[in-house]
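Next come the chains, spelled out residue by residue.
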Amino acid sequence: MIISHNILAMNASRNLGLTEKDLQNSTRKLSSGYRITMAADDAAGLAISEKMRAQIRGLKRASENAQDGISLLQVADGALGEVQAMLHRMRELCVQGASDINTEEDRDAIQAEINELTEEIDHVSKATEFNKKTLLDGSWAGSGSSSKKPIYFMMEHGKGGVRLENSVESLNGEKAGERVTLQEAMGSEGLNIIYTEIENDFATTQTASGKPTAAGYENFKKSLEEQIVPQAVKALLTAFPDTFNYLNSSSIGIGLKLVNQPGSATLASVGIGYLTYSDGTLVKDQFSYTLTVNMGYLDMDASGNIASDPASAKGREALETTIVHEMMHALMDEALTNGMIGAQDGKKNPAFRFPGWFVEGMAQTAAGGCSPYNDWVNGGLGLTAGSTEVSISATVKSSANSLKSGSTASQYGTGYLACMYLGFLAAGSGAVNENSIASGLDKIMNEMKNGKSLDDVIREHTSYAGVSDFEKNFGDSASSAFIKELVTKVGAGSGGLVGGSFASTDLLPDTAHNTNLFKLNTQNETVMNTYPTGVDKLTDGGSGGGTRGGGSGEGLWFQTGANDGQGIRVYIDDMGADALGIRGLSVADHEAAGDSMNVLDDALKEVSRQRSVIGASHNRLEYTVRNADNSVENLQAAESRLRDLDMAEEMTKYSKSQILLQAGQSMLAQAAHAPENILQLLG
């Protein structure tokens with residue numbers, strides 16, 4: 001027997017320590033409910049469990065995302081349901097207006113309701129939001145398809161973008177009288193490359209397309225072809241030489257479309273046609289132009305002679321003023337294509353399009369926003385030389401007239417004043433005169449032609465921070481003082497920059513002038529221009545004032561999975577009046593009403609197609625929610641088997657450890673007294 005080392009006590013103490021540790025582990029697990037409370041409990045199991053936990057939490061959030069997506073789609077579908085109801089009502093009105101039992105007053109009343117419904121459809125497209133994201137304005141449009149079928153669009157200024165058929169009636173050749181694609185109509189010769197002698201001198205291959213121009217009215221056609229249109233082009237090249245003179249020797253054709261709509265307030269309009277593939281990519285070398293003139297608006301005799309009374313709003317001078325306005329659109333279409341049609345990097349992008357006040361305001365600067373034939377300053381806004389700067393500010397900043405309002409008055413009236421002010425600032429804020437303002441606007445447009453955006457030039461040539469800041473603050477003290485001085489100097493004149501005199505109302509000489517640029521084709525309504533290699537119309541700048549609606553232009557992405565790339569993309573196209581092609585519908589006569597019915601049929605199909613896409617996506621998201629919830633349940637069960645504690649089993653271990661602890665303590669006490677037995681040997 002030995003007493004230096006109590007081996008029995010040491011053994012009992014060691015085993016007691018192990019038992020205490022087991023008891024502590026059991027207590028920790030029983031109190032937490034988990035089998036794995038730290039990595040040491042099960043290192044491999046912990047790693048697997050944490051991956052499962054990430055997946056489970058991700059799937060739970062994805063399920064909630066999908067439910068939010070369903071709510072968003074329900075908002076969009078509800079709004080489109082109302083749009084569809086309005087389209088049905090408009091079609092019903094067109095059917096009513098097509099009957100000749102209606103008087104002119106009846107048709108005016110029908111037209112008024114159609115116009116209001118058109119504006120409401122446009123309002124719905126811009127005002128339908130979910131979580132501050134506008135849904136129906138085209139911000140979330142995308143291809144949704146890899147197909148490359150070309151689609152033909154016609155952008156008609158003052159009437160917005162109208163989608164047309166991507167086929168035309170062939171007027172000659174093997175397929176004369178048949179419906180063919182534009183490429184087929186042009187034929188192989190329409191694709192020939194035309195040589196260019198110098199950079200700014202090019203010829204386009206011109207191909208007549210669309211319908212033939214209405215027969216007759218030869219005197220009227222001759223006046224447009226030989227005098228009014230070429231004189232307007234010449235005057236614009238003179239007013240803005242830096243921007244447009246590069247086109248001086250080029251040949252770009254424009255077709256003539258004659259309509260007879262006495263009840264319409266539109267005298268003339270210019271449209272630019274272009275081809276895009278279904279993914280939004282533009283066909284870069286093919287653009288068409290059409291000049292539409294409403295003969296029913298003019299005071300004209302049966303031979304096509306227009307009244308020359310300067311006091312008449314339906315005479316020659318009124319027509320010339322309007323043609324100057326419209327040909328300014330055409331030249332801007334040609335030189336500033338991206339901003340005029342809404343394109344960026346070779347693809348359609350509505351956010352890149354110039355705001356309406358700039359598009360119409362610039363045309364007004366050429367023809368005159370105070371013209372007696374187009375008076376949006378005096379007659380529209382009520383601003384005269386007697387207006388105070390305070391009243392001017394209140395007028396142009398009002399909700400009805402402000403640049404951001406998008407109203408007709410804001411585009412043609414306030415827009416004119418805003419563009420004139422931009423020209424004044426870009427010229428150095430010197431004298432308020434025609435030449436100075438024209439040179440400032442020429443500088444602005446030329447810089448945009450060379451790639452800068454409207455946002456850029458406003459920021460660089462003014463004290464405003466860009467488009468948005470200018471729109472918000474136009475009507476401040478400095479701009480109001482400019483407007484006061486401008487309307488005073490214009491007096492009873494037109495206020496136009498063409499002709500070099502604010503006071504002039506007769507803008508163009510009534511003499512013949514020959515030009516190849518925008519030479520009017522009086523035989524066909526549309527001229528398709530195919531541009532030679534090296535002429536790129538898509539290099540200029542656009543608005544640059546931010547993405548419309550805050551969207552990416554690549555559809556709405558709903559993250560419906562726990563991992564990157566697991567989701568659903570939904571495309572919602574622009575459902576505004578322009579995109580649906582319903583802007584400018586007319587019931588002036590039974591033919592116009594019939595045409596309007598056909599346009600509305602197409603619009604109804606487009607809305608139905610979009611609602612179908614939304615409905616299918618809604619159903620898909622419903623299944624996604626169910627699948628995610630089911631996956632969460634099953635993954636949770638698997639993770640539970642790894643992580644959760646078997647309480648019965650662990651309680652058994654706990655009880656065992658408690659018994660062993662008590663026994664160990666007893667054995668340790670007895671082992672500690674064992675060396676005392678040696679005293680018996682010593683006694």
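Residues numbered from 1 in each chain as written. Predicted model: local features only at pLDDT ≥ 70, side-chain atom pairs only at ≥ 80, totals over all residues. Heavy atoms only, no water.

K.L.:
Help me understand the overall build of the chain, please; the structure alone is not making it clear to me.
P.N.:
Each helix and strand in the chain was counted, giving 19 helices and 16 strands. Across the 683 residues that make up the chain, the buried fraction comes to 48%. Of the accessible surface of the chain, which amounts to about 31100 Å², a share of 49% is contributed by carbon and sulfur atoms. (Helix = DSSP H or I, 4+ residues; strand = E, 2+ residues; numbered from the N terminus. Buried < 20%, exposed > 50% of the residue type's maximum accessible area, 1.4 Å probe, protein only. Areas by Shrake-Rupley, 256 points an atom, 1.4 Å probe, with all protein chains shown as cover.)

K.L.:
So what exactly am I meant to see when it comes to helix H12 (residues 434-449) here?
P.N.:
One full turn of an α-helix is made of 3.6 residues, so residues set three or four places apart face in the same direction. Taking 1.5 Å per residue, 16 residues should reach 22 Å; H12 reaches 22 Å between its end C-alpha atoms and fits that length. Counting buried positions along H12 gives 13 out of 16 residues, so the element sits mostly inside the fold. Where H12 begins, the side chain of Asn433 points an oxygen toward the backbone nitrogen of Asn435, at a separation of 3.3 Å. Just downstream of H12, Gly451 is the residue with a positive phi angle, here 120 degrees. (Expected span 1.5 Å × (residues − 1). Polar contact = N/O pair within 3.5 Å; in protein donor to acceptor, adjacent residues only side chain to side chain.)

K.L.:
What is the right way to look at the packing of aromatic side chains in this model?
P.N.:
The geometry of an aromatic ring pair is captured by two quantities: the separation of the ring centres and the angle between the planes. Applying the stated criterion across every chain, the model contains 13 aromatic pairs. Ring plane angle 40 degrees and centroid distance 5.3 Å describe the contact between Tyr421 and Phe482, whose orientation is recorded as tilted. Taken together, the residues span a long stretch of sequence, with Tyr421 in helix H11 (residues 408-426) and Phe482 in helix H15 (residues 477-490) at a distance of 61 residues. For the pair shown, Tyr421 and Phe482 are each scored as buried. Aromatic rings pair up to connect Phe354, Trp357, Phe358, Tyr421, Phe424, Tyr464, Phe470, Phe474 and Phe482 into one cluster. Lying over the aromatic face of Tyr297, Lys314 brings its terminal NZ or CZ to 5.9 Å of the ring centre. (Phe/Tyr/Trp six-rings, centres within 6.5 Å; stacked < 30°, edge-to-face > 60°. Lys NZ or Arg CZ within 6 Å of the ring centre and 35° of its normal.)

K.L.:
Looking at this structure, I do not really get the pattern of salt bridges. What am I missing?
P.N.:
When the charged atoms of two side chains lie near each other, side chains of opposite charge can form a pair. Following the criterion strictly, the structure yields 24 salt bridges and no others. Residue Glu50 pairs with Arg643 through a salt bridge whose shortest N-O separation is 3.1 Å. Here the residue Glu50 occupies a position in helix H2 (residues 43-97), and Arg643 occupies one in helix H17 (residues 590-643), the gap between them amounting to 593 residues. Residue Arg643 is classed as buried on the basis of its relative accessible area, which comes to 8%. Put simply, Glu639 and Arg53 hold a salt bridge, and the shortest N to O gap is 2.9 Å. (Salt bridge = Lys/Arg side-chain N within 4 Å of Asp/Glu carboxyl O.)

K.L.:
What is the right way to look at the nonpolar core in this model?
P.N.:
In summary, soluble globular proteins display a tendency toward joint burial of nonpolar side chains. Core analysis: the biggest nonpolar cluster contains 101 residues, and Val293, Ile323 and Met327 have the highest contact counts within it. A total of eleven residues in this core trace back to one element, the largest contributor, which is H11. Not counting residues up to four positions away in its chain, the partners in contact with Ile323 are Leu224, Ile228, Val229, Ala232, Ala268, Leu291 and Val293. Counting 41 residues, the second largest nonpolar core, distinct from the first, contains Ala66, Leu80, Ala577 and Ile582. (Core = buried A, V, L, I, M, F, W, Y, C linked by side-chain atoms within 4.5 Å. Contact = heavy atoms within 4.5 Å.)

K.L.:
For this particular structure, what's the right way to read unusual backbone geometry?
P.N.:
Excluding glycine, residues mostly have negative phi values, and the peptide bonds linking residues are mostly trans. Positive phi, close to 55 degrees, is recorded for Asp345, a residue that is not glycine. With respect to the helices, strands and loops of the structure, Asp345 is situated in the loop between strand E11 (343-344) and strand E12 (347-348). We classify Asp345 as exposed; its relative accessible area is 74%. One non-glycine residue, Phe518, adopts positive backbone phi at about 55 degrees. Residue position: Phe518 is located in strand E13 (residues 517-521). Residue Phe518 is classed as buried on the basis of its relative accessible area, which comes to 1%.

K.L.:
I tried to follow the packing of helix H10 (residues 389-397) against H15 on my own but got confused; where do I start?
P.N.:
The relative placement of two packed helices comes down to the angle between their axes together with the axis-to-axis distance. Where H10 contacts H15, the axes come no closer than 9 Å and their chain directions differ by 110 degrees. Judged on the interaxial angle alone, H15 and H10 are roughly perpendicular. Taken together, the residues of H15 that come into contact with H10 (itself represented by Glu389, Ile392, Ser393 and Val396) are Ser477, Ser480, Ala481, Ile483 and Lys484. Grouping the constituent residues of the contact of H10 with H15 by class yields four nonpolar, three polar and two charged. (Axes fitted to C-alpha atoms, helices over the stretch in contact; angles between N-to-C directions. Parallel < 35°, antiparallel > 145°, perpendicular 65-115°, else oblique. Nonpolar A, V, L, I, M, F, W, Y, C, P; charged D, E, K, R; others polar.)

K.L.:
How should I be thinking about the packing of H2 against H17 in this particular structure?
P.N.:
Running from N to C, H2 and H17 point in directions that differ by 165 degrees, and their axes come no closer than 7 Å. When the axes of H2 and H17 are compared, the pair comes out roughly antiparallel. Crossing of H2 against H17: the hand is left-handed. Of the residues contributing to the contact of H2 with H17, the split by class is 29 nonpolar, 19 polar and eleven charged. (Left-handed = near helix turned anticlockwise from the far one by under 90°.)

K.L.:
Quick question: what am I supposed to make of the pairing of strand E9 (residues 268-276) here?
P.N.:
Looking down a regular strand, the side chains alternate between one sheet face and the other. Most of E9 is tucked away, with nine of its nine residues classed as buried. Looking at chain direction, E9 and strand E10 (residues 282-294) are connected through eight bridges and run antiparallel. Pairing of Tyr274 across the sheet is with Phe287, part of E10. (Pairing = 2+ DSSP bridges.)

K.L.:
Can you help me understand the environment of Glu113 in this one?
P.N.:
You can see Glu113 is positioned in helix H3 (residues 104-127). Residue class for Glu113 comes out partly exposed when judged on its relative accessible area of 31%. Separated by 24 residues in the primary sequence, Glu113 and Arg89 place their C-alpha atoms 9.5 Å from one another.

K.L.:
Which parts of the structure should I look at to understand a nonpolar patch on the surface?
P.N.:
Together, Ile2, Ile7 and Met10 make up a nonpolar patch on the protein surface, roughly 330 Å² of accessible area in all. As for its placement among the helices and strands, Ile7 is situated in helix H1 (residues 7-32). (Patch = residues over 30% accessible without salt bridge, like charges linked within 9 Å, V, L, I, M, F, W, Y side chains within 5 Å.)

K.L.:
What should I look at first to understand the side chain of Thr213 in this one?
P.N.:
If you trace the backbone, Thr213 turns up in the loop between strand E7 (205-212) and helix H5 (218-239). Judged by relative accessible area, Thr213 falls into the buried class, the value being 9%. Contact partners of Thr213, with chain neighbours within four places excluded, come to Lys221, Leu256, Leu258, Asn521, Thr522, Gln523, Asn524 and Glu525.

K.L.:
Looking at this structure, I do not really get H15. What am I missing?
P.N.:
The terminal C-alpha atoms of H15 lie 20 Å apart, and with 14 residues this matches the ideal 20 Å at 1.5 Å per residue to within 8%. Of the surrounding secondary structure, the elements contacted by the buried residues of H15 are H10, H11 and H12. Backbone geometry just after H15 places Gly491 at a positive phi near 60 degrees.

K.L.:
Before we go on, may I ask you to explain the environment of Tyr416 in this structure?
P.N.:
Along the chain, Tyr416 falls in helix H11. Judged by its relative accessible area of 0%, Tyr416 is buried. Expressed as a C-alpha distance, the spacing of Tyr416 and Gln364, which sit 52 residues apart in the sequence, is 5.5 Å. In this structure, Tyr416 is in contact with Gly361, Gln364, Thr365, Gly368, Gly369, Cys370, Val377, Gln411, Leu486, Ser494 and Gly495, ignoring residues within four places of it in sequence.

K.L.:
Where do I start with the confidence of the model for the chain in this structure?
P.N.:
A low pLDDT score tells you not to read the predicted coordinates there in detail. Averaged over all residues, the pLDDT of the chain equals 84, while 89% of them reach at least 70. Every residue in residues 179-200 is under pLDDT 50, and counting partners more than four places away or in other chains gives 38 contacts. Confidence over residues 546-553 falls short of pLDDT 50; this stretch has 21 contacts with residues more than four positions distant or in other chains. (pLDDT = per-residue confidence, 0-100.)

K.L.:
Got a minute to help me understand the pairing of strand E15 (residues 556-559) in this structure?
P.N.:
The side-chain alternation of E15 yields one buried face, formed by Leu556 and Phe558, and one unburied face, formed by Trp557 and Gln559. Judged from the four bridges that link them, E15 and strand E16 (residues 567-570) form a sheet pairing that is antiparallel. By the bridge assignment, Phe558 is partnered in E16 with Ile568.

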